[in-house]
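Structural features, examined
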Amino acid sequence: MIGKEALFVILGLKRFKDDEEKLDKFVITHVLRLLKMDMIAVLNELERQEEVFWVIQKQAWYQPDVYLYKDLIIALARRRKMDDAMKLWESMRKEDLFPDCQTFTEVIRGFLRDGSPADAMNIFEDMKKSPYPPEELPFRVLLKGLLPHPLLRNRVKQDFEEIFPERHIYDPPEEIFGLR
């Protein structure tokens, strides 16, 4: 549910998006007052309506926030808007912010859902280069999604076994996928 104040902000941002001066004043007087959850609801709604997050990002008060990026990227990935999610991903990386496990997982899942295993593998490679230690969930999502792609899956499986030597991976019988 979006509150009255958040709806007012959405309408105001859309109304003043072409007038820089009025937009700046509106942001200072109304947007900055929003609670974080309302701000995320506003940004999610603007993304849903094909409006842009970049309006907020251009404001002088804007500070890079990994959690704001995370919420927006996950929302876009779940809506199958992978191009928009990747634009935000690149913007986040330019600001030297690193995604967390949940963000990696949802973006990988989004690419697999869209039938883009190569893009999912690119995100997987980014995850391995991240300063944070990898977690098990993105590996498992990728392993499941790559069942029809045994060469890619074996590469991920090797990395998984190196990083998590005490964990086991279930390999379904080859007959299931007609690999015989």
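Residues numbered from 1 in each chain as written. Predicted model: local features only at pLDDT ≥ 70, side-chain atom pairs only at ≥ 80, totals over all residues. Heavy atoms only, no water.

Phi at R80 is positive, roughly 65°, even though this residue is not glycine. With respect to the secondary-structure elements, R80 resides in the loop between α5 (66–78) and α6 (82–94). Phi is positive for D96, close to 60°, though the residue is something other than glycine. (Helix = DSSP H or I, 4+ residues; strand = E, 2+ residues; numbered from the N terminus.)

This paragraph deals with the UniProt feature "repeat: PPR" (unreviewed entry) in the protein. Using the residue numbers shown here, the UniProt feature "repeat: PPR" (unreviewed entry) corresponds to residues 65–99 and 100–134. Within the segment residues 65–99, helix and strand shares are 74% and 0% respectively, and the terminal C-alpha atoms sit 11 Å apart. Across residues 100–134 one finds 74% helix and 0% strand; the C-alpha atoms that close the span lie 9 Å apart. (UniProt positions renumbered as here; feature names shortened; annotations may be inferred.)

Another aspect to go through is the pattern of salt bridges. Applying the stated criterion to the full structure yields 8 salt bridges. With a shortest N-O distance of 2.9 Å, D100 and K70 are connected by a salt bridge. Of this pair, D100 sits in the loop between α6 and α7 (101–113) while K70 sits in helix α5; the two residues are 30 residues apart in sequence, bridging distant segments of the chain. Take D100: its relative accessible area is 28%, and that puts it in the partly exposed class. (Salt bridge = Lys/Arg side-chain N within 4 Å of Asp/Glu carboxyl O. Buried < 20%, exposed > 50% of the residue type's maximum accessible area, 1.4 Å probe, protein only.)

Turning next to helix α10 (residues 150–163). Along its 14 residues, α10 runs 20 Å from first to last C-alpha, staying within 8% of the 20 Å computed at 1.5 Å per residue. Where α10 is concerned, the buried positions are R153, V156, K157, D159 and F160. Take α10 and look down its axis: the buried residues cluster within an arc of 165°, on one side only. Opposite the buried face of α10, by more than 90 degrees, sit the exposed residues L151, Q158 and E162. For α10, the secondary structure elements touched by its buried residues are α8 (117–129) and α9 (136–145). (Expected span 1.5 Å × (residues − 1). Arc of directions from axis to C-beta. Contact = heavy atoms within 4.5 Å.)

Burial of nonpolar side chains together is a common tendency in soluble globular proteins. Core analysis: the biggest nonpolar cluster contains 46 residues, and L13, I73, W89, V107, I123, L142 and V156 have the highest contact counts within it. Apart from residues no more than four positions distant in its own chain, V156 is found in contact with M121, F124, F139, L142, L143 and L146. (Core = buried A, V, L, I, M, F, W, Y, C linked by side-chain atoms within 4.5 Å.)

For helix α1 (residues 4–15), which comprises 12 residues, the first-to-last C-alpha distance of 16 Å matches the rise-based estimate of 16 Å (1.5 Å per residue) to within 8%. A6, V9, I10, G12 and L13 are the residues of α1 that are buried.

Taking the relative accessible area as the measure of exposure, K70 reaches 14% and is therefore buried. Ignoring sequence-local partners within four residues, the contact set of K70 consists of D100, Q102 and T103.

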